[in-house]
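Summary of the model geometry
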2 protein chains.
Amino acid sequence: MTVTIDNFQKMKNIQLLSTFFLMILFVACNNKQPKLAMENKSTSVFPKGNKITNNNFTGTAWLQMLVNNDSTYDTSIGNVTFEPGARTNWHKHPGGQILLITDGSGYYQEKGKPAQLLHKGDVVKIPPDVEHWHGAAPDKELTHIAISPNLQKGSVVWLKPVTDEEYSQMGK
Amino acid sequence: MTVTIDNFQKMKNIQLLSTFFLMILFVACNNKQPKLAMENKSTSVFPKGNKITNNNFTGTAWLQMLVNNDSTYDTSIGNVTFEPGARTNWHKHPGGQILLITDGSGYYQEKGKPAQLLHKGDVVKIPPDVEHWHGAAPDKELTHIAISPNLQKGSVVWLKPVTDEEYSQMGK
């Protein structure tokens, strides 16, 4: 094709028109961004609560109590969120504990046994007086509901922190 | 502007180009539909389980046991989904029960008291031996986790169905 002055003008018109349509395409499709963000939102039903400030955890974890213990139910229920890398100290429950994993990924380990990988929908039954820890994966948050029944048998007994060395052994 | 043969050809080109770009616009933006559908999905974490076939419920309800009772925990945990209009019979728990509402809307009523409206995120503490019922709103599903502690005190005691007349009194 020979580019004459007339053809050159036509091509310029087409170029302008193309730019115009690409702008429309950009604006029209750009509202997908917030929807993608919404899909990644947490499915947690209960509030994240307050940052835990005691020394029984490594890293940042959050607690929202759902049921405080009393002599009628002998049970406490808390919603716990661990940021990536966060975990409890080693500890044990005289009356046992049940974890309902509601979001994210993490680990549960009983002393002397390999760690178990936890996912949304998992249920963990922690037998009375068994030393253990639970927490998030190194690169993922973990949210669980912790149900502590039989509290007439005694409260949680907190032990030593889970060291970085112990935590890094998880996947091995 | 006089429409010459040459101008007519130019307009036709522009029309073809416009159609082409509108087609791209349609295809590029059309993948929004399934994402919108995903946003409306239920946030339930645990399976719906099996349809309840006993006579202790009115309407259709579903149960997924998460923890079966044993002598170590003395606790059972079930995920219950009520279809719109479905509800338990009147009943009572010798050791009490705790409901964690995880999805939808419904009602909880103790005998002789007004019904309480339930929403996602609510926690209901049902005292031992108090006659009550729970279930979905007439036009909404309800999903809750039912935690029954202190089962060494005895299992649930089932009573009469919640009649349509009793159920229709809820909002009054």
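Presented here is a report on the structure given in the accompanying data block.

Criteria and thresholds
- Residues numbered from 1 in each chain as written.
- Chains lettered and ligands numbered in written order.
- Predicted model: local features only at pLDDT ≥ 70, side-chain atom pairs only at ≥ 80, totals over all residues.
- Heavy atoms only, no water.
- Helix = DSSP H or I, 4+ residues; strand = E, 2+ residues; numbered from the N terminus.
- Buried < 20%, exposed > 50% of the residue type's maximum accessible area, 1.4 Å probe, protein only.
- Contact = heavy atoms within 4.5 Å.
- Areas by Shrake-Rupley, 256 points an atom, 1.4 Å probe, with all protein chains shown as cover.
- Salt bridge = Lys/Arg side-chain N within 4 Å of Asp/Glu carboxyl O.
- Core = buried A, V, L, I, M, F, W, Y, C linked by side-chain atoms within 4.5 Å.
- Pairing = 2+ DSSP bridges.
- Phe/Tyr/Trp six-rings, centres within 6.5 Å; stacked < 30°, edge-to-face > 60°.
- Lys NZ or Arg CZ within 6 Å of the ring centre and 35° of its normal.

What follows covers the overall build of chain A. Looking only at helices and strands, chain A features three helices and twelve strands. Scored against the burial criterion, the 172 residues of chain A give a buried share of 42%. Contacts in chain A between residues at least 24 apart in sequence constitute 70% of all its contacts with a sequence separation of at least 6. For chain A, the computed accessible surface area is about 9300 Å², with 56% contributed by carbon and sulfur atoms.

Even without being a glycine, D74(A) presents a positive backbone phi close to 50°. Looking at where D74(A) falls in the secondary structure, it is placed in the loop between strand 3 (61-67) and strand 4 (76-82). Even without glycine at this site, N150(B) takes up a positive phi of about 55°. Along the chain, N150(B) falls in the loop between strand 11 (142-148) and strand 12 (157-158).

To continue, consider the pattern of salt bridges. Residue and element names in this part refer to chain A. Counted by the stated rule, this structure contains ten salt bridges over all chains. For R87, the salt bridge is made with D164, and the minimal N-O distance between the two is 2.9 Å. One end of the pair, R87, is in strand 5 (residues 87-88); the other, D164, is in helix 3 (residues 164-168), with 77 residues separating them in the sequence. Judged by relative accessible area, which is 4%, R87 ranks as buried. Judged by its relative accessible area of 58%, D164 falls in the exposed class.

Judged by nonpolar contacts, the single largest core of 19 residues is most densely connected at I77(A), L100(A), I77(B) and L100(B). Secondary-structure elements contributing two or more residues to this core are strand 3, strand 7 (97-110) and strand 11 (142-148) of chain A together with strand 3 (61-67), strand 7 (97-110) and strand 11 of chain B. L100(A) has contacts with D122(A), V123(A), T143(A), H144(A), I145(A), I147(A), F46(B), L66(B), I77(B) and I145(B), leaving out every residue within four places of it along the chain.

The next point concerns the pairing of strand 4 (residues 76-82) of chain B. Residues and elements named next belong to chain B. Of all seven residues making up strand 4, seven are buried, and the element is well covered by its neighbours. With burial as the criterion, each face of strand 4 is covered, one bearing S76, G78, V80 and F82 and the other bearing I77, N79 and T81. Of the pairings in the sheet, the one linking strand 3 to strand 4 comprises six bridges and is antiparallel in character. Paired with M65 across the strands is G78, a residue of strand 4.

Residue and element names in this part refer to chain A. Relative to the assigned elements, M65 resides in strand 3. According to the relative accessible area criterion, M65 is partly exposed, its value standing at 32%. With 95 residues separating them in the primary sequence, M65 and K160 have C-alpha atoms 24 Å apart. With near-sequence residues (within four places) excluded, M65 lies in contact with S76, I77 and G78.

Further remarks concern the packing of aromatic side chains. Residues and elements named next belong to chain A. Enumeration according to the criterion identifies six aromatic pairs over all chains in this entry. Ring geometry for F57 versus W158: centroids 5.7 Å apart, planes at 50°, classification tilted. With F57 in strand 2 (residues 57-58) and W158 in strand 12 (residues 157-158), this residue pair connects regions lying 101 residues apart in the sequence. Look at W133 and Y167: their rings are 5.9 Å apart centre to centre, the planes differ by 55°, and that puts the pair in the tilted class. Highlighted residues: W133 in strand 10 (residues 132-136) and Y167 in helix 3, separated in sequence by 34 residues. Exposure remark for Y167: the relative accessible area of 8% places this residue in the buried category. An aromatic cluster is built from F57, F82 and W158, whose rings are joined through pairwise contacts. One Lys or Arg, K48, reaches over the ring of W62 and ends 4.6 Å from the middle of that ring.

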